[in-house]
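Listed below, chain by chain, are the residues.
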Amino acid sequence: MLFIESQNTKAEQIKEFISVNVSTSFNNIEPYLVIGEREYIKPLLGTALFDLLDAYAADPTDDELWDELLSLARRALINLAFYRGYSMISIKISDAGVHRMETDHEKTLYKYQEQSIINTFKTDGFNGLDNVLEFCEDNIATFPDFESSESYTVFKSKFISKTSVFSEIFSINKSRLVFLRLQPYTTLVEDFEILPTIGRVLFDKLKAEIVKETPDEKLMKVVEFIQKAIAFLSVSKAIAEIGVNITEKAVYFETSQATAGDTIQQSTLSDKQIERISTNNKNTGLNYIQYLTDFLHENIADYPDYAEFYGYNDGEIIGRDNTDKKTFLT
C-alpha cells in the first residue's frame, strides 16, 4: 500500500496532503485507500509501475524522481479515498441502525458544506491523477514501465491526449473527471468528422506525428485546428446525448446559501436551453472544421496526402464528397 500503516499512527503521512485536522484512524480510511489504489492509481500507472512504486513506498531509497512520483500518487490517492469514503466515515452503524456522529462540542456540517468538501476531495483527487500522468510522461526514461499502461497507450493515440490541452480550448476547469467522461465523444468526432475530412493517410500520419518528441511544425498546424474542432464537437455531443456539462454533473445550475440551512437548491435547464448550448458548441466545432479545410486548400503544396485524398488536378482542386455518397465534381 502506498500509505504505510506503521507510519500513520497519528495520520502523519495523511496530514502532509490534507490541510485540515485529521483525527480519523488509519483503519477507518484504509478500505478506501484500497479502493483508490485498485480503481484509480493502479489502472493509471499500469500494474508493472504500480508494483514498483508500492515496493518503493515500503522501502524508499532517497531517489528524487521516485520520491516525487510517490508524493503525487499519495496526494491523488488520499483525496480520492476521502471522496469515496466520506459518507461512511462520518456515520456509525450499530444494531440500532445508522446514525451520524455528533457530540455536544462537535456538530455535523450543513449539507452545502458537506457537498463543498466532497467536491474538493473529488476535484483535487482527479486533478492529482493528471499530475501523476504528466509527471510519468515527462520522465518516461525513469519510468519505462509506464509505456505499457493503458493510460499511456490510449491517450497518446488521441489528438487531445491531456486534460490541460482540452481545457485550454474549452474550459473544463482542468478536471480529469470531465476529460475522461468526454473520451467516448472525442473518439466519435475523430472517426466521423475528422477522418472523412482529411482522409485516412493524413489522419494516420498526424496520429504518428503527435507522439514524437519533436513533431513536424507544418503537420502540427493542422493538428491545432483538429483539436479545436474535437473539443467543441465532443462537448456538443455529450450535452445532447447524456446531458453533461462542464461541471461533470447533469445539466443544471446549483446554488448554495449558508443562511438557508441544510439545503442545496438546483434549477434544471429546459430542453430548449440544453439544445441551444449543444447547437452553439456544434456550430463552433464545425467552423473549425471549415477553417481546417480552408487552411489545407490554401497550403495544398505542403500537404500532398490531403491533395491526393481530396483530388488535385493540374493545380485545380476538384471537390469530392467522401461521406459515403455519390462522387460529384465541381
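Structural notes, computed from the coordinates. (Residues numbered from 1 in each chain as written. Predicted model: local features only at pLDDT ≥ 70, side-chain atom pairs only at ≥ 80, totals over all residues. Heavy atoms only, no water.)

With that out of the way, let us pick up the overall build of the chain. Per the secondary structure count, the chain includes 12 helices and 6 strands. By residue count, 41% of the 330 residues in the chain fall in the buried class. Approximately 18400 Å² of the chain is accessible, and the part contributed by carbon and sulfur atoms is 49%. (Helix = DSSP H or I, 4+ residues; strand = E, 2+ residues; numbered from the N terminus. Buried < 20%, exposed > 50% of the residue type's maximum accessible area, 1.4 Å probe, protein only. Areas by Shrake-Rupley, 256 points an atom, 1.4 Å probe, with all protein chains shown as cover.)

Checked against the element boundaries, Phe-26 lands in helix 2 (residues 26-45). A residue is classified by how much of its surface remains accessible, and Phe-26, at 7% relative accessible area, is buried. C-alpha of Phe-26 to C-alpha of Ser-6: the two residues are 20 residues apart in sequence and 9.4 Å apart in space. In this structure, Phe-26 is in contact with Met-1, Phe-3, Ile-4, Glu-5, Asn-8 and Leu-33, ignoring residues within four places of it in sequence. (Contact = heavy atoms within 4.5 Å.)

Glancing now at the packing of helix 8 (residues 176-198) against helix 11 (residues 271-298). Where helix 8 contacts helix 11, the axes come no closer than 11 Å and their chain directions differ by 15°. Classed by the angle they form, the pair helix 8 and helix 11 counts as roughly parallel. Considering only the axes of helix 8 and helix 11, their crossing is right-handed. Side by side, helix 8 and helix 11 meet where Glu-193, Ile-194, Thr-197 and Ile-198 of the first sit next to Leu-286, Ile-289, Leu-292, Thr-293 and Leu-296 of the second. Along the lines of polarity and charge, the residues of the contact of helix 8 with helix 11 split into 6 nonpolar, 2 polar and 1 charged. (Axes fitted to C-alpha atoms, helices over the stretch in contact; angles between N-to-C directions. Parallel < 35°, antiparallel > 145°, perpendicular 65-115°, else oblique. Left-handed = near helix turned anticlockwise from the far one by under 90°. Nonpolar A, V, L, I, M, F, W, Y, C, P; charged D, E, K, R; others polar.)

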